[in-house]
Amino acid sequence: MKRNNYINWDQYFMMIAIISSMRSKDPDTQVGACIVKDHKIIGTGYNGMPNGCSDNEYPWCREGDFLDNKYPYVCHAELNAISNSYSSVKDSKIYCTLFPCNECAKIIIQSGIKEVIYLDDKYKEFDSNKAAVRMFNSANISMTKYSQELPVFIENNKYNIQKNIRLGSVVMVQPEKSETHYEMIYHIGSVILISFKGINIKNKITNKTEFVKWSNIKEIVKL
């Protein structure tokens, strides 16, 4: 009898995109992409410098003069996944950890990809994303927001925590600090797990979402 709790295809391919993003050297934004055709991976990529351009010599900052920040140089994950593909991407799907920008949308359309499955669309109010959506609609490219759970194994050596939880799980969190005001803010039962690095917790006092690294979490209890 086979086991029944294995991950499905969409979970598998999105996890590959997430793992690909962890190869990025960008200190601010790590993005991954995975191109799939007939349930076979034909290309993966992450945001990084072009071949031959040293990660140590080119800038990674977001501010400053045009030639002194990362934007003129970095290749996005979608471009790299398409460039790295070993066969035609026509009529394929691309799994992205972040919704493609307008420049990547052009490349996706021109390459013949027919569906975009994305994990996050935090820049949806930006004009670059609005332009991408407009082009995808005109070119009949399907856009699907990924909404399934993703398993994440957390191992925190500092507090000897070993948990297999899922992105989007509802958990109880006990942070490293134990002051009353700190517990009131963070010891809550609704947490969006967004990455392998940590979690987003909504601060009840400021009503803002704050990022907490796994290394600063003392206890995680699945509710």
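Coordinates for the structure precede this section.
Below you will find a few notes about this structure. (Residues numbered from 1 in each chain as written. Predicted model: local features only at pLDDT ≥ 70, side-chain atom pairs only at ≥ 80, totals over all residues. Heavy atoms only, no water.)

### A word on the side chain of N129
Piece 1. For N129, the location among the structural elements is in helix α4 (residues 127–138).
Piece 2. Discounting chain neighbours no more than four positions away, the residues touching N129 are F99, P100, C101, Y123 and K124. (Helix = DSSP H or I, 4+ residues; strand = E, 2+ residues; numbered from the N terminus. Contact = heavy atoms within 4.5 Å.)

### Thoughts on the pattern of salt bridges
Piece 1. Counted according to the given criterion, the structure contains 4 salt bridges.
Piece 2. When the shortest N-O distance is used, the salt bridge between E115 and K93 registers 3.9 Å. With E115 in strand β4 (residues 115–118) and K93 in strand β3 (residues 93–96), the pair connects residues that are 22 residues apart, well separated along the chain.
Piece 3. Its salt-bridge partner being E103, residue K106 comes within 3.1 Å of it at the nearest N-O pair. Linking K106 with E103, this pair stays in helix α3 (residues 102–111), spanning 3 residues, or about one helical turn. (Salt bridge = Lys/Arg side-chain N within 4 Å of Asp/Glu carboxyl O.)

### Looking at the pairing of strand β5 (residues 142–145)
Piece 1. Of the strand pairs in this sheet, β4 and β5 are connected by 4 bridges, and their pairing is parallel. By the bridge assignment for β5, I117 is matched with T144.
Piece 2. The parallel pair β4 and β5 is bridged by α4, and the resulting crossover is right-handed. (Pairing = 2+ DSSP bridges. Right-handed = clockwise from strand over helix to strand, strands pointing away.)

### Things to note about α4
Piece 1. If you check α4, its first and last C-alpha atoms are 16 Å apart, about what 12 residues at 1.5 Å a residue would give, namely 16 Å.
Piece 2. Buried positions along α4 lie against α3, β4 and β5.
Piece 3. Positive phi shows up at N140, right after α4, with a value of about 60°. (Expected span 1.5 Å × (residues − 1).)

### So, the pairing of β4
Piece 1. Burial along β4 is two-sided: the face carrying E115 and I117 and the face carrying V116 and Y118 are both buried.
Piece 2. Note that the unit made of β3, α3 and β4 has a crossover that is right-handed. (Buried < 20%, exposed > 50% of the residue type's maximum accessible area, 1.4 Å probe, protein only.)

### Considering the packing of α3 against α4
Piece 1. Between α3 and α4, the shortest axis-to-axis distance is 8 Å and the interhelical angle comes to 20°. Taken together, the axes of α3 and α4 are roughly parallel relative to one another. Helix-helix and strand crossings are classified by hand; for α3 and α4 the assignment is right-handed. Where α3 approaches α4, its residues N102, A105, K106, I108 and I109 are matched on the opposing element by S128, A131, A132, M135 and F136. (Axes fitted to C-alpha atoms, helices over the stretch in contact; angles between N-to-C directions. Parallel < 35°, antiparallel > 145°, perpendicular 65-115°, else oblique. Left-handed = near helix turned anticlockwise from the far one by under 90°.)

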